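As a plain string of letters, each chain reads:
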Amino acid sequence: MAMSPADEHTQKAFGWAARDTTGVLSPFNFSRRSTGPKDVTIKILYCGVCHSDLHFLKNEWGFSVYPLVPGHEIVGVVTQVGGSVRKFRVGDTVAVGCMVGGCDECDDCNSKRESYCRNSILTYNDIYHDGTRTYGGYSDKTVVEEHYVLGFPDGLPMAAGAPLLCAGITVYSPMRYFGLSQPGTHLGVVGLGGLGHLAVKFAKAFGVKVTVISTSPGKQKEAMEELGADAFILSRDEEQIKAAMATMDGIIDTVSAQHSLSPLLDLLKSHGKLIMVGAPPKPLDLPLMPLLRGRKLVAGSATGGIEETQEMLHFASKHNITADVEVIPMKYINVAMERLAKGDVKYRFVIDVANTLPS
C-alpha cells in the first residue's frame, strides 16, 4: 500500500491542494524530506499565482496528478541548511522557481540551461529523485537542493518580486537568447497580463522600442501611460495591423488562449522572430507561406536556467522591475483562480503565505 503524503517524509508540512480536475483547493497535510547534505529548507513567505497553476489544477495539459499543491514563484527565508551547502545560510532570503532538480549531466545541464533538461524535475506535479511527488509553494515550507535555490536581492520587494521566478524569467530569457534585448530593437508584446506587463518592463529597461498588441482597447492606456510602451495595436483592427506590417524585429507572444498567428507574422520584418511563451491548451494554426517568403522564425521558449534566472533577478533589482501584484490571503485562492480564468487581475496574484496559512 502506498504511503500517505503526510507520512512519506519526516518534516510535517501544510498547504492547500486540489484533489481532482475541478481544481478546487483546500487544506492539505503532507510532508517534506529531511534536510540532506546538499539541501536548503525554506520557510515560504510569498508565492505567486501563475496561469500555469490554473492549467495544472484543471488538468488542461493532460498530465496532472492529484493531490496537487501548485506554486513555483516562491520567496522565503532559509531555516536549515545541509552540511555541504556553501551558498546559503540560515536567515538568508531566497527564491525557488519552476524546477527543483534535473539529471545534472546532460548537455543542457552542463550548459546551464537546466530548464531544458529532459529529466528536469518540476517544482510541483513531478517525481523527485527519491520517487516521491513534488509539491509546490502554496505551502508553509519546502526543501530544495542548493543548486536550484536562488539568492533573492535585498532591494527587491518580496511580494512584488515573487512573480519574477516564472513570469519574469519566461520573458527575460527569450529576449536575451534571440537577440531581442539590443537597444533600438523593435519588439512586439502580445497580451498584457502577468507575463506581458513584465515583458514591457524588461524590454524598456533594455532600451528596446515596445509595441503592445492586444484584443482589448482598454489596455492601451495601461500599456502606454502606466508601463511606458511606445505604441499599441488593437489586434482586431485590420487597419492598425496593416499600418504596422513588417515593422517588428521580434514578437513575444504571452497569450495562453486560442488566437490567430497570421496577423502576428505579418507584423514581423523579414528574418523576424515570433517567440511563443504562452501555452494554449489546444494547437494553434500556423500558416507556412509567411515563414517561407520572409524567412521568419516561430520558436518556443520556456523558463531560463538557474544562472540566467539569478542574472534576471539582479537585473530586476538594479532597474526596479517588479510585477504589479494583488496580495491575497490563502483562503482567497479559489476566488483568485476564478478571477484569473476571466483575466480579472492586474496583473498577478501573490499569496501572503507566512501571514495567512495557519499550520
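Every value quoted in this text rests on a predicted model; they were computed, and no experiment measured them.

Draft legend 1. Quick look at the overall build of the chain. Within the chain, the secondary structure is distributed over 12 helices and 17 strands. For 359 residues, the compact-globule estimate of 2.2 N^0.38 gives 21 Å, and the C-alpha radius of gyration of the chain, at 20 Å, lies within 12% of that figure. C-alpha extents for the chain along the principal axes are approximately 60 × 40 × 35 Å. Considering the chain as a whole, with its 359 residues, one finds that 55% of them fall into the buried category. A distance of 2 Å separates the average location of the 35 positive side-chain charges in the chain from that of its 38 negative side-chain charges.

Draft legend 2. How the structure looks around the environment of Arg133. For Arg133, the location among the structural elements is in the loop between strand 7 (121-122) and strand 8 (141-145). Note on Arg133: relative accessible area 22%, which makes it partly exposed. Taking the C-alpha atoms as reference, Arg133 lies 26 Å from Ala341; in sequence the two are 208 residues apart. In this structure, Arg133 is in contact with Val65, Asn125, Asp126 and Ile127, ignoring residues within four places of it in sequence. Polar contacts involving the side chain of Arg133 include one to the main-chain carbonyl oxygen of Asn125, which spans 3.5 Å.

Draft legend 3. How the structure looks around the packing of helix 4 (residues 167-177) against helix 10 (residues 306-318). Helix 10 packs onto helix 4 with a crossing angle of 100° between their chain directions and a minimal axis gap of 10 Å. Taken together, the axes of helix 4 and helix 10 lie roughly perpendicular to each other. Across the interface between the two elements, Gly168, Ile169, Tyr172, Ser173 and Arg176 of helix 4 pack against Glu308, Thr309, Glu311, Met312 and Phe315 of helix 10. The class makeup of the residues in the contact of helix 4 with helix 10 is four nonpolar, three polar and three charged.

Draft legend 4. Spotlight on the nonpolar core. Membership of the largest hydrophobic core comes to 94 residues, with the highest contact counts inside it found for Tyr138, Phe202 and Ile333. Aside from chain neighbours lying at most four places away, what touches Phe202 is Leu164, Gly168, Val171, Tyr172, Met175, Met312, Phe315, Ala316 and Ile321. Counting residues in each nonpolar core, the second largest holds 15 residues, with Val190, Met248, Leu268 and Leu291 among its members.

Draft legend 5. Geometry of the pairing of strand 8. Counting buried positions along strand 8 yields four of five residues, so the element is predominantly enclosed. In this sheet, strand 8 lies alongside strand 3 (residues 39-49) in antiparallel orientation, the contact comprising five bridges. Its bridge partner being in strand 8, Ile42 is matched across the sheet by Thr142.

Draft legend 6. A look at the side chain of Thr322. Inspection of the secondary structure assignment puts Thr322 in the loop between helix 10 and strand 16 (325-328). Judged by relative accessible area, Thr322 falls into the buried class, the value being 17%. Excluding residues within four positions of it along the chain, Thr322 makes contact with Leu156, Pro157, Ala160, Leu198 and Lys201.

Draft legend 7. Broad picture of the UniProt feature "domain: Enoyl reductase (ER)" (unreviewed entry) in the chain. Sequence positions flagged by UniProt for "domain: Enoyl reductase (ER)" (unreviewed entry) are, in local numbering, residues 23-351. Across residues 23-351, the secondary structure splits into 26% helix and 26% strand, with the terminal C-alpha atoms separated by 17 Å.

Draft legend 8. A look at the packing of aromatic side chains. Scanning the model with the defined rule gives 12 aromatic pairs in all. With 4.9 Å between their ring centres and 80° between their planes, Tyr177 and Phe178 make a pair best called edge-to-face. Relative accessible area serves as the criterion here: at 13%, Phe178 is assigned to the buried category. Taken together, the ring pairs in this structure connect Phe56, Trp61, Phe63 and Tyr124 into an aromatic cluster.

Draft legend 9. Up close: a nonpolar patch on the surface. Side chains of Leu286, Leu288, Met289 and Leu292 sit close together on the surface and give an oily, nonpolar patch of about 420 Å² of accessible area. On the secondary structure map, Leu292 appears in helix 9 (residues 289-294).

Draft legend 10. Representation of the sheet that holds strand 11 (residues 209-214) in the model. Pairing is parallel across the open sheet formed by six strands, whose spatial order is 12-11-10-13-14-15. Both outer strands of the open sheet, strand 12 (231-234) and strand 15 (297-300), are each paired with one neighbouring strand and no more. Between one strand axis and the next, the sheet turns through 20° on average, direction left out of account. Each of strand 11 and strand 12 is contacted by helix 6 (residues 219-226), which is oriented at about 165° to strand 12, the strand it contacts most.

Draft legend 11. Expanded view of the side chain of Ser173. Tracing the chain through its elements places Ser173 in helix 4. Excluding residues that lie within four positions of it along the chain, Ser173 makes contacts with Thr303, Gly304 and Glu308.

Draft legend 12. Expanded view of helix 10. Between its terminal C-alpha atoms helix 10 stretches 19 Å, which fits the 18 Å expected from 13 residues at 1.5 Å a residue. Turning to helix 10, its buried residues number three or more, namely Ile306, Glu308, Thr309, Gln310, Met312, Leu313, Phe315 and Ala316. Among the structural elements, strand 6 (99-101), strand 9 (150-151), helix 4 and helix 5 (194-206) are those in contact with the buried residues of helix 10. Count one or two residues on from helix 10 and you reach Asn320, which has phi positive near 55°.

Draft legend 13. Structural context of the pattern of salt bridges. Scanning the model with the defined rule gives 12 salt bridges in all. For Arg33, the salt bridge identified is with Asp39, shortest N-O distance 3.0 Å. Residue Arg33 is classed as buried on the basis of its relative accessible area of 16%. For Asp39, a relative accessible area of 8% translates into the label buried. Glu307 is the salt-bridge partner of Lys112, the closest N and O atoms lying 2.8 Å from each other. Pair noted here: Lys112 is in the loop between helix 2 (107-110) and strand 7 and Glu307 is in helix 10, with a separation of 195 residues, a long-range link. Residues joined in a network through salt bridges with shared partners are Glu326, Arg339 and Asp344.

What counts and what doesn't
- Residues numbered from 1 in each chain as written.
- Predicted model: local features only at pLDDT ≥ 70, side-chain atom pairs only at ≥ 80, totals over all residues.
- Heavy atoms only, no water.
- Helix = DSSP H or I, 4+ residues; strand = E, 2+ residues; numbered from the N terminus.
- Rg over C-alpha atoms; globule rule 2.2 N^0.38 Å.
- Buried < 20%, exposed > 50% of the residue type's maximum accessible area, 1.4 Å probe, protein only.
- Lys, Arg positive; Asp, Glu negative; His and termini not counted.
- Charge placed at Lys NZ, Arg CZ, Asp CG, Glu CD.
- Contact = heavy atoms within 4.5 Å.
- Polar contact = N/O pair within 3.5 Å; in protein donor to acceptor, adjacent residues only side chain to side chain.
- Axes fitted to C-alpha atoms, helices over the stretch in contact; angles between N-to-C directions.
- Parallel < 35°, antiparallel > 145°, perpendicular 65-115°, else oblique.
- Nonpolar A, V, L, I, M, F, W, Y, C, P; charged D, E, K, R; others polar.
- Core = buried A, V, L, I, M, F, W, Y, C linked by side-chain atoms within 4.5 Å.
- Pairing = 2+ DSSP bridges.
- UniProt positions renumbered as here; feature names shortened; annotations may be inferred.
- Phe/Tyr/Trp six-rings, centres within 6.5 Å; stacked < 30°, edge-to-face > 60°.
- Patch = residues over 30% accessible without salt bridge, like charges linked within 9 Å, V, L, I, M, F, W, Y side chains within 5 Å.
- Areas by Shrake-Rupley, 256 points an atom, 1.4 Å probe, with all protein chains shown as cover.
- Salt bridge = Lys/Arg side-chain N within 4 Å of Asp/Glu carboxyl O.
- Expected span 1.5 Å × (residues − 1).

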